[in-house]
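The chain contents come next:
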Amino acid sequence: MLKSLGLAAVVAIMAAAPAWAQNQCGDEPIPPAIPSAADIGTKSPADAAKMRHQAFLDVKAWQQSANDYRNCLESDANQTRRDLATAQSQSKPDQDRIKRLQAQIAADEAASNKRDTEERLVNAFNALRTAYCDRSDVDKSSCPKS
């Protein structure tokens, strides 16, 4: 009885191992909500400056989190490549394991290459900054020189 319970626990852990490996980098960072250009136009100059500055801080923090996440995915993919090379070099390679490792590498690379969220976020911030700098009642010392 105890032997079969132990075996069941080992099988459950082994079955969960691929899911654990997929999530060892955690979830992809959630991008911050950037106020729209229309939102900044309705605020007082001081509130607009605070809003723009907070959006800048939020974007920078998210970019760092996204970079850390991509670095983790790259590290995971590199380790999986080493595991794949080891699996392929065995006298009797486990084809199912090789396929799982190849799928994990592809998933890590696909997740790491997603840049559309970052592009949309930066574009939203640039629209916010442009709307702020286009106002006549704000301090333009932090605005790009035209």
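One can find the structure itself at the top, above this paragraph.
Residues numbered from 1 in each chain as written. Predicted model: local features only at pLDDT ≥ 70, side-chain atom pairs only at ≥ 80, totals over all residues. Heavy atoms only, no water.

S.K.: For this particular structure, what's the right way to read the packing of helix α3 (residues 45-88) against helix α4 (residues 95-112)?
M.R.: When two helices pack together, you describe them by how their axes are tilted relative to each other and by the distance separating the axes. Closest axis-to-axis distance for the α3/α4 pair is 9 Å, and the angle between their directions is 160 degrees. With respect to their mutual orientation, α3 and α4 come out roughly antiparallel. Note on packing geometry: the crossing formed by α3 with α4 is left-handed. The residues of α4 that touch α3, namely those facing Tyr-69, Arg-70, Leu-73, Asp-76, Ala-77, Thr-80, Arg-81, Asp-83, Leu-84, Ala-87 and Gln-88, are Arg-97, Ile-98, Leu-101, Gln-102, Gln-104, Ile-105, Asp-108, Glu-109, Ala-111 and Ser-112. Considering only residue class, the contact of α3 with α4 consists of nine nonpolar, five polar and seven charged. (Axes fitted to C-alpha atoms, helices over the stretch in contact; angles between N-to-C directions. Helix = DSSP H or I, 4+ residues; strand = E, 2+ residues; numbered from the N terminus. Parallel < 35°, antiparallel > 145°, perpendicular 65-115°, else oblique. Left-handed = near helix turned anticlockwise from the far one by under 90°. Contact = heavy atoms within 4.5 Å. Nonpolar A, V, L, I, M, F, W, Y, C, P; charged D, E, K, R; others polar.)

S.K.: Please clarify how the state of the cysteines should be interpreted in this entry.
M.R.: A disulfide bridge is the covalent bond that connects two cysteines by way of their sulfur atoms. In total, this model carries two disulfides according to the counting rule given. One disulfide bridge connects Cys-25 with Cys-72, the sulfur atoms lying 2.1 Å from each other. Taking the torsion about the S-S bond as the criterion, the Cys-25 to Cys-72 disulfide, at about -85 degrees, is left-handed. One end of the pair, Cys-25, is in the loop between α1 (2-22) and α2 (37-41); the other, Cys-72, is in helix α3, and 47 residues separate them in sequence. Taking the relative accessible area as the measure of exposure, Cys-72 reaches 26% and is therefore partly exposed. (Disulfide = S-S within 2.5 Å. Buried < 20%, exposed > 50% of the residue type's maximum accessible area, 1.4 Å probe, protein only.)

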